[in-house]
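Architecture and fold: a report
Here is what each chain is made of, one letter per residue.
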Amino acid sequence: MTVISNKIDEIFLLPAAEKELLLAQFEQISVKKGRILVNAGKIERYIYFIEKGIARAYVDAAKGQTTIWFGEEGDIILSYLSFFKDKPGYESIEVLESCVLYRISGNVLQTLFRQNIHLANWGRKFAEQELVKTEERFMSLQFKTATERYRDLVEQSPSILQRVSLGNIASYLGITQVSLSRIRANKG
């Protein structure tokens, strides 16, 4: 649970008692490669922390699946619509490697937020960080070239290039596999 403990601290440093209270609510699960952990169109009741492994979020579109997110060790898997609005999410989340995850019920986490100001502040900081990441992703897709997006991925998440199929990476970058091969041949 070291990766999860470090991630909690990275988001917002909690007093020891609150951190112990939060960690005590987690349940470790193992998930095999290829499993769909979160299904589009359904309300997801859990939030997952990745201790080991990698996952991707995708949306089914007319042209096939479009990858919108990758998560690896230390990242958090959740459906925003399910967690914040109690509505079915639009994304599916697939485990790309066999994973060790820690999960917590969204209802339990919301109760902790209501009962404890330190945990509520931790939740607020988490939401702020996720909002910034979402904005950065949006701005990247709108205003950067495919080559710039690829370079950002190489710089920010180099292990993804070793662990994820080129088809999923191309989809994430918003380009075809042929275009990705061209960018890679030109050394990005």
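Structural data are supplied above this passage.
What counts, and at which threshold
Residues numbered from 1 in each chain as written. Predicted model: local features only at pLDDT ≥ 70, side-chain atom pairs only at ≥ 80, totals over all residues. Heavy atoms only, no water. Pairing = 2+ DSSP bridges. Helix = DSSP H or I, 4+ residues; strand = E, 2+ residues; numbered from the N terminus. Axes fitted to C-alpha atoms, helices over the stretch in contact; angles between N-to-C directions. Contact = heavy atoms within 4.5 Å. 1 Å grid on protein atoms, 1.4 Å probe; cavity = no way out; pocket = protein on both sides within 12 Å on 5 of 7 lines; lining within 4 Å. Points joined across faces, edges and corners; volume = space filled by probe spheres on them. Nonpolar A, V, L, I, M, F, W, Y, C, P; charged D, E, K, R; others polar.

Topic: the sheet that holds strand β4 (residues 55-61)
Picture the strands of a sheet paired through backbone hydrogen bonds; they go either parallel or antiparallel. On the basis of which strands lie adjacent, the open sheet formed by four strands has the order β2-β7-β4-β5 and antiparallel pairing. The outermost strands of the open sheet, each flanked by one partner alone, are β2 (36-38) and β5 (64-71). Each strand of the sheet is rotated relative to its neighbour by a mean of 35°, with strand direction disregarded. Pairing analysis gives two bridges linking β2 to strand β7 (residues 92-95), with the strands arranged antiparallel. When the bridges of β7 are listed, Val-38 appears paired with Ile-93. Lying over the sheet, helix α8 (residues 166-173) contacts β4 and β5, oriented at roughly 90° with respect to β5.

Section: the environment of Ser-105
Secondary-structure assignment places Ser-105 in strand β8 (residues 99-105). When the C-alpha positions of Ser-105 and Tyr-46 are compared, they lie 4.5 Å apart, and in sequence the two are 59 residues distant.

Re empty space enclosed by the protein
What the rule picks out here adds up to one cavity of 30 Å³ or more. Here the largest cavity is characterised by a volume of approximately 50 Å³. Forming the walls of the largest cavity are Ile-47, Phe-49, Ile-76, Leu-78, Phe-83, Leu-109, Phe-113, Trp-122 and Phe-126. For the lining of the largest cavity, the secondary-structure elements that each account for two or more residues are β3 (46-52), α4 (106-115) and α5 (117-143). The class makeup of the residues in the lining of the largest cavity is nine nonpolar, no polar and no charged.

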